[in-house]
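Each chain, written out:
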Amino acid sequence: TDNYIVAPGWAIDGGPVHHRYFNSREEADASDWADVALKDATIFVAHNATFEIQWMMHRHRKPFMDFLKRGGRIFCTQYAEYMLSMQQETYPTLENTAQNYGGSMKIDEVKMLWEQGVLTADIDQALLIKYLVGNDEMHGDIGNTRLCCFAQYAELEKRGSLAAFWH
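A brief look at the structure comes next. (Residues numbered from 1 in each chain as written. Predicted model: local features only at pLDDT ≥ 70, side-chain atom pairs only at ≥ 80, totals over all residues. Heavy atoms only, no water.)

Notes on helix α8 (residues 125-133)
Taken together, the buried positions of α8 are occupied by L127, L128, I129, Y131 and L132. For α8, the secondary structure elements touched by its buried residues are β1 (9-10), β2 (18-19), α7 (108-115), β5 (134-135) and α9 (141-158). Two or three places before A126, at the start of α8, stands the capping residue D124, its side-chain oxygen 3.3 Å from that residue's backbone nitrogen. Backbone geometry just downstream of α8 places G134 in the positive-phi region, at approximately 90°. (Buried < 20%, exposed > 50% of the residue type's maximum accessible area, 1.4 Å probe, protein only. Helix = DSSP H or I, 4+ residues; strand = E, 2+ residues; numbered from the N terminus. Contact = heavy atoms within 4.5 Å. Polar contact = N/O pair within 3.5 Å; in protein donor to acceptor, adjacent residues only side chain to side chain.)

What about the packing of α7 against α8?
For the pair α7 and α8, the least separation of the axes is 9 Å and the interaxial angle reads 115°. With respect to their mutual orientation, α7 and α8 come out roughly perpendicular. Of the two possible hands of crossing, α7 and α8 adopt the one that is left-handed. Two secondary-structure elements touch here, α7 through E109, V110, L113 and W114 and α8 through L127, L128 and Y131. (Axes fitted to C-alpha atoms, helices over the stretch in contact; angles between N-to-C directions. Parallel < 35°, antiparallel > 145°, perpendicular 65-115°, else oblique. Left-handed = near helix turned anticlockwise from the far one by under 90°.)

Some thoughts on the environment of L38
Along the polypeptide, L38 turns up in helix α2 (residues 33-38). Here L38 falls in the buried class, since its relative accessible area comes to 6%. The sequence separation of L38 and F67 amounts to 29 residues, and the corresponding C-alpha distance is 6.4 Å. In this structure, L38 is in contact with F44, M56, P63, F64, F67 and R70, ignoring residues within four places of it in sequence.

Some details on the packing of aromatic side chains
The full count for this structure, using the stated rule, is 12 aromatic pairs. Between F75 and F165 the ring centres are 4.5 Å apart and the planes differ by 40°, which places this aromatic pair in the tilted class. Taken together, the residues F75 in strand β4 (residues 73-76) and F165 in helix α10 (residues 162-166) connect sequence positions 90 residues apart. Comparing F75 with F165 shows no difference in burial state: the two are buried. Linked through ring pairs, F75, Y79, Y82, Y153, F165 and W166 together constitute an aromatic cluster. The lysine or arginine in question, R73, covers the ring of W166, its NZ or CZ lying 4.4 Å from the ring centre. (Phe/Tyr/Trp six-rings, centres within 6.5 Å; stacked < 30°, edge-to-face > 60°. Lys NZ or Arg CZ within 6 Å of the ring centre and 35° of its normal.)

Structural data, given as structure tokens:
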């Protein structure tokens, strides 16, 4: 397919949010962003990790498999919220989940553009990066996902459910 990740983002623990921006699939495919992002990671955190895992296996198989072979684990904030809601919240959104833990709302303009059929590559770069990384007033997707993970991990541990989550 012609799909590619226009702007990947990542953070390690509480460190800064990193990102890259690609103008084409060729540029994205030639990048080492996945190697850099996964090099020192022990837990891969994502909201709706199934999508992320499929993409990583399709486009970035080697660094992702190397991560798994080192004992890397996957923490899905969507699945964690499902468990923490006692299976009542079947498909929690990142936005709603993040707000449960003090996170911020997403930038509606990006969501509106997607709903209108605008391709990610055609969205203003500064707006897209703000959506991903955030700014002083709000968390972006990466910060919201990290915030959810830290809070959910602690809550799963407190409830004695962390082992069940990992299984």
